[in-house]
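A structural walkthrough
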Amino acid sequence: MTRETPLVLGIETSCDETGIGIVRGRELLSNTIASSMAEHVRFGGVVPEVAARAHLEALQPAIESAVREAGIRLEDLDAVAVTSGPGLAGALMVGIGAAKALAVALDKPLYAVNHLVGHIAADLLTGDDVEYPTIALLVSGGHTSLLLVRDLVSDVELLGETLDDAAGEAFDKIARLLGLPYPGGPEIDRAAREGSAEAIRFPRGLSRASDMADHRYDFSFSGLKTAVARLVEQRAGEFSVGDVAASFREAVVDVLVTKALDACARHGIPRLLLGGGVIANRRLREEALTRASAAGVTVRIPPLSLCTDNGAMIAALASELIVAGRAPSQLTFGADSTLPVTEIQVAWP
Amino acid sequence: MHAVTLDPVILGIDSSLGTAVALIEEDGVVLADEYSEDPLGHAEVVGTLLRAALSDAAHGPVGGGGATKPVTVDAVAVGMGPGPFTGLRVGIAAGRTFAQARSLPVIAVPSHDAAAAQLLLADPFADVGRFAVVTDARRREFAFTVYDGVDDDGLPARVTEPALVPRDDIDDVLAALGAARHDVVRISAAMVALVGARARAVGRTLTGSEPLYLRAPDVTMPKRVAP
Ligand SMILES: [Zn+2]
């Protein structure tokens, strides 16, 4: 194995994207993503069984096209990597079954890694010099987490996370309340263009002084959701969808950026990494950049194809583990839908 | 000592009930046969079973105790269910990916065909008669497939396609079909491989590439947002 720049294939199936990525060290060779999003539209959210069935059908074509794009042969791989959690258990198991078979068939080491830490590793593939420690804000339909990364392969701390819905889920639910289609993020964005972010002052979850002791870095979007639902019900038809969309989005963005920069300030870390699919939201990026710059914090945002769930980030994390001299995972691990972020690699001896 | 093998080697894999992995020579000689009955641990055990099967097979036929010689797998036979979906998919994903990694053909085998073959081949001279392989399908249902003897290709002759029936109705349904009930709690991967090998030898397709789910995805519509 090339210890300095290992050739790794990563498999990611924790939600609705079947991601196959291939990296050589920190060089991205392929990032193939097959999404089952369209199949979930009529249900207004990700249906686990639909996602798991789609993974099974998408795997072989995705591996095939990733290998072709990377211009390698599977035999050339130094290692195989896979997400073991957190995520949807049934979906994760499809990727785990495939990854184990690939590793055994090729007689290559297998690295089972943490999805959330994978999001942080994605940043390494941008080709820039990445500096730690950093605060990381990961926002998607499946998670909303604030992390303190001291060392990618050995020291990641969870500062806080959502106590109820993920931010992406909140966007989906509010879109549904406003009669907009799934996925809600882009729809809310579109509607918000016609409205004012100052029109309605929606609550910022867990942002009161009394929340600071126990939930300073945690998030909650249920109160916000209830406030929007009440307004929609009370003013039946007599409100501007644009105003509600813009004001709702402002409340989400405000709380995300405020808590992330608070973490930077309190830990004395002038670096913030953004990851997860919700980073596609332009307002969130703008607000983070503006306020971070005022606070003297450098913001890193990988390209969107590396922010959404993907296999390249899983391969990138495994590559770092290999470079750090870590032994591979034993073959006995399973899916862990609630894998804590402190477990960067699972089942290592 | 096991002589140098020229017979094609088939890898069989099935996770429709427990997790089963086997390697056989095309003529039926079993080189390795691994099994875990844990009905929930498919993802945990599948890699270990695959590795163990390959390493066992390197010693020649089961019980042969020959010298170590790595086996070359020529095809992968995959049990396509029916069975509980979450576990079923693990074996299919593993089988297909193993085949892809080594550029091998995949043979899709209905898991009940393997169970039927096991019963029919146990004693080739026994008059088994018409019977149904019956497996647990969860949610108070059974999955069943009716068979009647062995056909000219040496494969179990399927009379009905796999189907679901409420548990309370199984005996009436089978009586109406004139089939004896044969409950199965374990699928043999060696039998999956054997059925697959025989089908491949005569160019027959036993089932499509889709798993035999027999049920539409269970969709719990997202809850209405609380007022
Ligand atoms: Zn994610």
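One structure accompanies this document, and this report is about it. (Residues numbered from 1 in each chain as written. Chains lettered and ligands numbered in written order. Predicted model: local features only at pLDDT ≥ 70, side-chain atom pairs only at ≥ 80, totals over all residues. Heavy atoms only, no water.)

Take the overall build of chain A next. For chain A, the count of helices and strands is twelve helices and eleven strands. For 349 residues, the compact-globule estimate of 2.2 N^0.38 gives 20 Å, and the C-alpha radius of gyration of chain A, at 20 Å, lies within 12% of that figure. Viewed in the frame of its principal axes, chain A has a C-alpha envelope of about 65 × 45 × 30 Å. Counting over 349 residues, chain A shows a buried share of 61%. Of the accessible surface of chain A, which amounts to about 12,800 Å², a share of 48% is contributed by carbon and sulfur atoms. Computed over 31 positive and 45 negative side-chain charges, the separation of the two mean positions in chain A equals 3 Å. (Helix = DSSP H or I, 4+ residues; strand = E, 2+ residues; numbered from the N terminus. Rg over C-alpha atoms; globule rule 2.2 N^0.38 Å. Buried < 20%, exposed > 50% of the residue type's maximum accessible area, 1.4 Å probe, protein only. Areas by Shrake-Rupley, 256 points an atom, 1.4 Å probe, with all protein chains shown as cover. Lys, Arg positive; Asp, Glu negative; His and termini not counted. Charge placed at Lys NZ, Arg CZ, Asp CG, Glu CD.)

Residue and element names in this part refer to chain A. Taking 1.5 Å of rise per residue, 27 residues should cover 39 Å, and helix α9 (residues 241–267) covers 39 Å from first to last C-alpha, within 8% of that figure. Taken across its 27 residues, α9 has 21 buried, putting it largely inside the fold. Backbone geometry just after α9 places G268 at a positive phi near 65°. (Expected span 1.5 Å × (residues − 1).)

Here the focus is the coordination of the zinc ion. The protein atoms that coordinate the zinc ion are H115(A) (NE2), H119(A) (NE2), H143(A) (NE2) and D309(A) (OD), at distances spanning 2.1 to 2.3 Å. Coordination at the zinc ion comes from four donor atoms whose angles at the metal span 89 to 158°, giving a geometry best classed as irregular. (Donors = N, O, S within 2.8 Å, 3.2 Å for Na, K, Ca; no water. Tetrahedral: all angles 85-135°; square planar, octahedral: opposite > 155°, others 65-115°.)

If you look at the biggest cluster of nonpolar residues, it comprises 68 residues, and the most contacted ones within it are L9(A), I11(A), I22(A), L23(B) and F98(B). Of all the elements, helix α3 (residues 89–106) of chain A adds the most residues to this core, at eleven residues. When residues no more than four places from it in sequence are discounted, the contact partners of I22(A) are L7(A), V8(A), L9(A), E27(A), L28(A), L29(A), S30(A), A66(A), V67(A), A70(A) and I72(A). Counting 51 residues, the second largest nonpolar core, distinct from the first, contains L231(A), F248(A), A251(A) and L261(A). (Core = buried A, V, L, I, M, F, W, Y, C linked by side-chain atoms within 4.5 Å. Contact = heavy atoms within 4.5 Å.)

Quick look at the sheet that holds strand β2 (residues 19–25) of chain B now. All names here are of chain B. Read from one edge to the other, the open sheet built from five strands follows the order β3-β2-β1-β4-β5, with strand pairing classed as mixed. Of all the strands in the sheet, just β3 (30–36) and β5 (106–109) have a single pairing partner and so form its edges. Recorded for the sheet is a direction-independent mean angle of 15° between the axes of neighbouring strands. In terms of strand pairing, strand β1 (residues 9–14) meets strand β4 (residues 75–79) through four bridges, oriented parallel. The residue of β4 that forms the bridge with G12 is A77. (Pairing = 2+ DSSP bridges. Axes fitted to C-alpha atoms, helices over the stretch in contact; angles between N-to-C directions.)

All right, on to the interface of chain A and chain B then. Tallying the contact residues gives 39 residues for chain A and 35 residues for chain B. Buried surface at the junction of chain A and chain B, summed over both partners, amounts to about 3,100 Å²; 64% is from carbon and sulfur atoms. In this assembly, chain A and chain B are joined by two salt bridges. For the side of chain A that touches chain B, the secondary-structure elements that each account for two or more residues are α2 (48–70), α3, α5 (167–177) and α8 (222–234) of chain A. The dominant element in the side of chain A that touches chain B, judged by the number of residues it contributes, is α3(A), at twelve residues. Broken down by class, the residue content of the side of chain A that touches chain B amounts to 21 nonpolar, eight polar and ten charged. (Buried area = accessible area lost by both parts, 1.4 Å probe. Salt bridge = Lys/Arg side-chain N within 4 Å of Asp/Glu carboxyl O. Nonpolar A, V, L, I, M, F, W, Y, C, P; charged D, E, K, R; others polar.)

Here the focus is unusual backbone geometry. Glycine aside, negative phi is the norm for most residues, and most peptide bonds take the trans geometry. Look at the link from G85(A) to P86(A): it is a cis peptide, with omega at -10°. In this fold, P86(A) is placed in the loop between β4 (79–85) and α3. With an omega dihedral of -5°, the bond running from Y182(A) to P183(A) counts as a cis peptide bond. Structurally, the position occupied by P183(A) is in the loop between α5 and α6 (184–192). Although it is not a glycine, A347(A) adopts a positive phi angle of roughly 55°. Using a relative accessible area of 26% as the deciding quantity, one classes A347(A) as partly exposed. Even without being glycine, R139(B) reaches a positive phi, approximately 45°. Examined against the element boundaries, R139(B) turns out to sit in the loop between β6 (130–136) and β7 (141–150).

On their own, these measurements won't tell you what the molecule is for.
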